[in-house]
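# Working through the structure, step by step
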Amino acid sequence: MSGIVYRLDDIAARFGGRVLGNAAAQVSQVATLDSAQENNIAFLANSKYRAQLATTRAGAVIVAEADAEATELPRIVCDNPYSYFAKLSAFLNPLPPAAAGIHASAVVGKTARIAASAHVGANVVIGEGAQIGAHCVIREGCSIGAGVVLGENVRLYPRVVIYHDCVLGNNVIAHSGVVIGADGFGIAMEEGRWLKIPQIGRVVIGNDVEIGANTTIDRGALDDTVIEEGVKLDNQIQIAHNVRIGAHTAIAGCVGIAGSATIGKYCRIGGSAGILGHLQIADYVEIASFTLIGKSIRERGSYSGIFPFSSNQEWRKNAAHLRHLDKLADRIKQLEQQMAALNPASDK
Amino acid sequence: MSGIVYRLDDIAARFGGRVLGNAAAQVSQVATLDSAQENNIAFLANSKYRAQLATTRAGAVIVAEADAEATELPRIVCDNPYSYFAKLSAFLNPLPPAAAGIHASAVVGKTARIAASAHVGANVVIGEGAQIGAHCVIREGCSIGAGVVLGENVRLYPRVVIYHDCVLGNNVIAHSGVVIGADGFGIAMEEGRWLKIPQIGRVVIGNDVEIGANTTIDRGALDDTVIEEGVKLDNQIQIAHNVRIGAHTAIAGCVGIAGSATIGKYCRIGGSAGILGHLQIADYVEIASFTLIGKSIRERGSYSGIFPFSSNQEWRKNAAHLRHLDKLADRIKQLEQQMAALNPASDK
Amino acid sequence: MSGIVYRLDDIAARFGGRVLGNAAAQVSQVATLDSAQENNIAFLANSKYRAQLATTRAGAVIVAEADAEATELPRIVCDNPYSYFAKLSAFLNPLPPAAAGIHASAVVGKTARIAASAHVGANVVIGEGAQIGAHCVIREGCSIGAGVVLGENVRLYPRVVIYHDCVLGNNVIAHSGVVIGADGFGIAMEEGRWLKIPQIGRVVIGNDVEIGANTTIDRGALDDTVIEEGVKLDNQIQIAHNVRIGAHTAIAGCVGIAGSATIGKYCRIGGSAGILGHLQIADYVEIASFTLIGKSIRERGSYSGIFPFSSNQEWRKNAAHLRHLDKLADRIKQLEQQMAALNPASDK
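Cut-off values and rules
Residues numbered from 1 in each chain as written. Chains lettered and ligands numbered in written order. Predicted model: local features only at pLDDT ≥ 70, side-chain atom pairs only at ≥ 80, totals over all residues. Helix = DSSP H or I, 4+ residues; strand = E, 2+ residues; numbered from the N terminus. Rg over C-alpha atoms; globule rule 2.2 N^0.38 Å. Buried ≥ 20, exposed ≤ 12 C-beta atoms within 10 Å, placed from the backbone. Contact = placed C-beta atoms within 7 Å. Pairing = 2+ DSSP bridges. Least-squares fit on C-alpha atoms with pLDDT ≥ 70 in both. pLDDT = per-residue confidence, 0-100. Nonpolar A, V, L, I, M, F, W, Y, C, P; charged D, E, K, R; others polar. Core = buried A, V, L, I, M, F, W, Y, C linked by C-beta atoms within 7 Å. Expected span 1.5 Å × (residues − 1). Arc of directions from axis to C-beta. Domains from an automatic or database assignment. Axes fitted to C-alpha atoms, helices over the stretch in contact; angles between N-to-C directions. Parallel < 35°, antiparallel > 145°, perpendicular 65-115°, else oblique. Left-handed = near helix turned anticlockwise from the far one by under 90°.

### Things to note about the overall build of chain A
- Secondary structure assignment for chain A yields five helices and 40 strands.
- Its C-alpha atoms give chain A a radius of gyration of 27 Å, clearly above 20 Å, the size a compact globule of 348 residues would have.
- Considered along the principal axes of its C-alpha atoms, chain A spans approximately 85 × 70 × 35 Å.
- Across the 348 residues that make up chain A, the buried fraction comes to 57%.
- For chain A, restricting intrachain contacts to residue pairs at least 6 apart in sequence, the fraction spanning at least 24 positions comes to 20%.

What follows is the structure in structure tokens.
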């Protein structure tokens, strides 16, 4: 938290929107409507929570045009309160500065090239030939393999591992425990034993990608695994070798994407979903949580495959029939035939 | 293993229960009925395994009252053999001591306060303003962010990461690869690009919580993510921002809990289950493995949502009908109408 | 990439197969048919992709007997093009050498025994009594607990953690973020509080096992967790305490295997599948992705339990009926009885 206070009209001058109510109201931090204090500015992103405007103790709020008159609190009225809030919060909560320079305990290959403005933390290991761009922040304990290229302003939280030769664009963020470029799962059976297939592709990651904690992205078997620009990955996602994820796709936690799947742009994939290998998913596809995609999706739209839950007792009764749906269908067909025989004049 | 031997009557004097058979029998370690040797004490937690009493080579056993006469082996009879065993095993298998002090290779912020009795291992990094309580054990390679507060007797296994400002209570255990306080998955779309929403809440963890290997718990977006006292988390669980987990809830491996979900106290959640965002789960709810909870659960009880498996061949036949259940239901309705037309006198 | 070029006839002399076309053709690297250049050798593992032979720019290809005449490119004809390719690729892409010796920053217990030919990287910590076999490569930041035994030629990528007393055979590979031997999830409820059950078993891993990034294998509660020789584990798999996995079984990413499950030899388990605790799975069982195995499988074969996905709209219609399958079945039964009453002469 910056601690500095800002007037509403100064905020509007910077980020747009129009001020209603006391334009001189001062705030120093963002908060939820529910927990806001007088020095906070909250936001209403969805009119259905409008009732909270009556009870919030926020000093000011950000609202959409439709809610401009739903409160008398000092307010900024704008088109998209949620993205307005995102930008204001980023302004009020800058990342802590990281001093340029290489910690004495870091182990850096002689042929690595590290920008003077980069921060390299304690116990970081950087391999031969690696390139670290301007303003990168490599926190303690990261491992950067030989030949890795990081663009500018990349931020690696503690204990990220990047295997050799992978490439990250500008402004990439990787959280702790992320592993980029481990070997894909490539094996061939011969005479009762698995042979390992060397994984000689790379991982190539575009600009503005964020990768959540403990997510893994495997290197390609022969060609590269590719994450296009603006992709956002939550925690504990597994991305197999030779997957390609289109620009600006967002994927929630615990999703698994099998080898050589291709995901379009601007897709949204819910938590714990899965996508089988070699499938193709079109642009603008939404996939529900916990859904396995077992064949390619050629058209944009929303797709689900969630088994609905119930009490154990009901579940047992219903699930038992699931194992015999085929027989149930046969019995319906038989009844229809018997009915038709009884009633031969009927058209159907 | 302590190597020290104990008489059954001495054990009963310490942990309760009554001794039957040779009270002078000596044991030095716990074991399963199946693999026990003469110097081991085994336990029978479930009468249905009673037959194993006849074949075990254990020197003594722990049994419930109902099984008191099911063997002639030296035995301790008690109310809850499983918890008795837990306590006895903890006594016989104390954790290895960790010498107080800070390893020379650790990098500790000048304003961090570390109890003299704490152990700080090799290559640990501790940020400014962090507080480490008495008897904490911080194993090699952990990263403790600025402003983090650890209570007393916290045990962090190698390579745990705790981001800035998070708070852990007393006796918390976190296994290797755990990441606490990484950014939650908060993004807002504006003009075709995702904006990052700063995650300015913390993770606050109560006393006596254990966290399994590679589990991730994200910091709150605005308010905190909260894990109440006595919660037990297995490996590879993902807990999103602003989740609250009630006291003494136990969660098995690979579960994903989406943002702002609230889980009650004393719940038990099976492996690979999922809970969608913003839902509320009552106290004492049991959720089966592999079940997605897609709406709030207001009443205690056991809930399931598992698609039953079968041979591929049967699965193909049954799953095909699943896609047309709606039509099957229509056909049944039509048959009922036709039947009613044939038989107009019937009440139904 | 080695950079060295090889003639087809030299390759065949080394790995077998017969050469058709120009035996003096030279290649230096493997590639896919699609992206190959003139100095690459590609492979056709499945005749259905035969059309790609017409367009590839590869300098040579590996094909099966059935495809021997499907191209005029210089080619090696063999029984199993995929395993042939695996071996050739391993030959062309040897692992980078790792210099023998212990990095100055490593912290090694006085009683640990480390082979002279082993590589111990920066910031590695090795506990008392550990044994590291010949030609092991322990990359930076690994943590090897007290009493751990590694066979020969074990390769640990950066930031692997192995808890005390675990045993790994020869040629084991563990990728970054792997945690071997963390405590299993053993708790006993007593008077409203969970007691921790000490996990005093080990993890014992056979020869030639590979373990993917961020996979976790818990130590046994009393007896050991066992991974037999030749098992191949992808990323982000969770293996609970006292599991046994039979030799040469291959498991894809994100699978969870609950405590004390026993998996046979030569099984293949798809991504994100789950296996409940204490179950037994026979040898040569194939389990589809996203399938929960809720009871033991006694016979080899292929098994599935995937809820099929559809558009959200269709899904809603069909899933609603799932909650009432029991009632649908009752209505069918009732119709059958009514039909039988109408038609008493019918045999059925």
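Now, onward.
### Some details on the pairing of strand β7 (residues 75-78) of chain B
Residue and element names in this part refer to chain B.
- Side-chain alternation along β7 places Arg75 and Val77 on one buried face and Ile76 and Cys78 on a second face that is also buried.
- Direction of pairing for strand β2 (residues 18-20) relative to β7: antiparallel, over a ladder of three bridges. Residue pairing in the sheet places Arg18 in a bridge with Val77 of β7.
- As judged from the four bridges shared by strand β6 (residues 60-64) and β7, these two strands associate in the parallel manner. Considered in β7, the bridge of Val63 is made with Val77.

### Looking at the relation of the copies chain A and chain C
- The operation relating chain A to chain C is a screw motion whose rotation component is 120°, with 0.0 Å of axial translation and a residual RMSD of 0.1 Å. As the rotation angle and translation indicate, the two copies are arranged about a three-fold axis.

### Points about the pairing of strand β23 (residues 193-196) of chain A
All names here are of chain A.
- In this sheet, β23 lies alongside strand β22 (residues 187-190) in antiparallel orientation, the contact comprising four bridges. In the strand pairing of β23, Glu190 is matched with Arg193.
- Counting the residues that bridge the hairpin from β22 to β23 gives two residues, and of these Glu191 lies at a positive phi of roughly 50°.

### Let's talk about the confidence of the model for chain A
- Considering every residue of chain A, the mean pLDDT works out to 95; 98% of them sit at 70 or more.
- This complex was scored by the predictor with a pTM of 0.96 and an ipTM of 0.96.

### Quick word on the interface of chain A and chain C
- Chain A puts 58 residues into the contact, and the matching count from chain C is 61 residues.
- For the side of chain A that touches chain C, the elements supplying multiple residues, two or more each, are β22, β23, β38 (292-293), β39 (301-304), α4 (312-322) and α5 (325-342) of chain A.
- The element best represented in the side of chain A that touches chain C is α5(A), accounting for six residues.
- With two bridges joining them, β39(A) and strand β40 (residues 310-311) of chain C adopt antiparallel strand pairing. Bridge pairing in β40(C) places A:Tyr303 opposite C:Ser311.

### A closer look at the interface of chain B and chain A
- Each partner contributes to the interface: chain B provides 58 residues, whereas chain A provides 61 residues.
- Here the element with the most residues in the side of chain B that touches chain A is helix α5 (residues 325-342) of chain B; it accounts for six residues.
- Of the residues contributing to the side of chain B that touches chain A, the split by class is 28 nonpolar, 21 polar and nine charged.

### Some points on the nonpolar core
- By size, the foremost hydrophobic cluster in this structure holds 233 residues, and its most contacted members are A:Ile138, B:Ile138 and C:Ile138.
- Every residue in contact with A:Ile138, bar those within four places of it in the chain, is listed here: A:Ala118, A:His119, A:Val120, A:Gly121, A:Val124, A:Ile132, A:Ile144 and A:Leu156.

### Regarding unusual backbone geometry
- In the Ramachandran plot, A:Tyr266 falls in the positive-phi region, its phi being about 55° despite a non-glycine side chain.
- Here A:Tyr266 shows up in the loop between β33 (262-263) and β34 (268-269).
- Backbone geometry at C:Gln236 places phi at a positive 55°, although glycine is not the residue there.
- Relative to the elements of secondary structure, C:Gln236 occurs in the loop between β28 (232-233) and β29 (238-239).

### A closer look at α5(A)
- Look at α5(A): 26 Å from first C-alpha to last across 18 residues, which is about the 26 Å you get at 1.5 Å a residue.
- For α5(A), the set of buried residues is A:Leu325, A:Leu328, A:Ala329, A:Ile332 and A:Leu335. Buried residues of α5(A) fall within an arc of 120° about the axis and therefore sit on the same side. Of the exposed residues in α5(A), the ones pointing more than 90 degrees away from its buried face are A:Asp330, A:Lys333, A:Gln337 and A:Ala341.
- Packing partners of the buried residues in α5(A) comprise α4 of chain A, α4 (312-322) and α5 of chain B together with α5 (325-342) of chain C.

### Describing the domain arrangement of chain A
- Entries for chain A in the domain assignment read domain 1 (6-92), domain 2 (101-303) and domain 3 (312-342).
- Each of domain 1 of chain A and domain 2 of chain A has a C-alpha centre, and these two points are 36 Å apart.

### Re the packing of α4(A) against α5(C)
- Across the interface, α4(A) lies against α5(C) with an axial gap of 8 Å and an inter-helix angle of 60°. One way to sum up the angle between α4(A) and α5(C) is to call them oblique. Where α4(A) abuts α5(C), its residues A:Lys317, A:Asn318, A:His321 and A:Leu322 lie against C:Leu325, C:Asp326 and C:Ala329.
- Grouping the constituent residues of the contact of α4(A) with α5(C) by class yields three nonpolar, two polar and two charged.

### So, the sheet that holds strand β10 (residues 113-114) of chain B
All names here are of chain B.
- Spatially, β10-β13-β16-β19-β24-β27-β30-β33-β36 is the arrangement adopted by the nine strands of the open sheet, whose pairing is parallel. Where the open sheet ends on each side, the last strands, each with one partner, are β10 and β36 (280-281).
- Across two bridges, the pairing between β10 and strand β13 (residues 131-132) is parallel. Bridge assignment links Ile114 to a residue of β13, and that residue is Ile132.

### Notes on the sheet that holds strand β34 (residues 268-269) of chain B
- Taken in spatial order, the 12 strands line up as β40(A)-β39(B)-β37(B)-β34(B)-β31(B)-β28(B)-β25(B)-β20(B)-β17(B)-β14(B)-β11(B)-β8(B) in an open sheet, and their pairing is mixed. The two strands at the open ends of the sheet, each matched to only one other strand, are β40 (310-311) of chain A together with β8 (101-102) of chain B.
- Pairing geometry for β8(B) and strand β11 (residues 119-120) of chain B, over two bridges, is parallel. If you follow B:Ile102 over to β11(B), its bridge partner there is B:Val120.

### A closer look at the packing of α5(B) against α5(C)
- At their nearest, the axes of α5(B) and α5(C) sit 10 Å apart, and the two run at 30° to each other. The angle between α5(B) and α5(C) falls in the class roughly parallel. Considering the relative orientation of α5(B) and α5(C), their crossing is left-handed. Taken together, the residues of α5(C) that come into contact with α5(B) (itself represented by B:Ala329, B:Ile332, B:Leu335, B:Glu336, B:Met339 and B:Leu342) are C:Leu328, C:Arg331, C:Ile332, C:Leu335, C:Gln338 and C:Leu342.
- Class assignment for the residues of the contact of α5(B) with α5(C) results in nine nonpolar, one polar and two charged.

### Details of the environment of B:Gln26
Residues and elements named next belong to chain B.
- One can find Gln26 in strand β3 (residues 26-27).
- Taking the number of C-beta atoms within 10 Å as the measure of exposure, Gln26 has 18 and is therefore partly exposed.
- For the pair Gln26 and Ser47, spaced 21 residues apart in sequence, the C-alpha separation works out to 24 Å.

### Quick word on helix α4 (residues 312-322) of chain C
- Burial in α4(C) covers these residues: C:Trp315, C:Asn318, C:Ala319 and C:Leu322. All buried residues of α4(C) project into a common sector of 100° when viewed along the axis, lining one side. Within α4(C), the exposed residues directed more than 90 degrees away from the buried face are C:Gln313 and C:Arg316.
- Buried residues along α4(C) sit in contact with β39 and α4 of chain A, α4 and α5 of chain B together with β40 and α5 of chain C.

### Observations regarding the environment of C:Val19
Residues and elements named next belong to chain C.
- Relative to the helices and strands, Val19 resides in strand β2 (residues 18-20).
- Separated by 55 residues in the primary sequence, Val19 and Pro74 place their C-alpha atoms 7.4 Å from one another.
- When sequence neighbours within four positions are dropped, the list of residues in contact with Val19 reads Leu8, Asp9, Ala12 and Ile76.

### A short note on the environment of C:Glu140
- Here C:Glu140 lies in the loop between β14 (137-138) and β15 (143-144).
- Looking at C:Glu140, the number of C-beta atoms within 10 Å reads 25, which means it is buried.
- It is 46 Å that separates the C-alpha atoms of C:Glu140 and C:Glu65, two residues lying 75 residues apart in sequence.
- In this structure, C:Glu140 is in contact with A:Val125, A:Ser143, C:Gly121, C:Ala122, C:Asn123, C:Val124 and C:Pro158, ignoring residues within four places of it in sequence.

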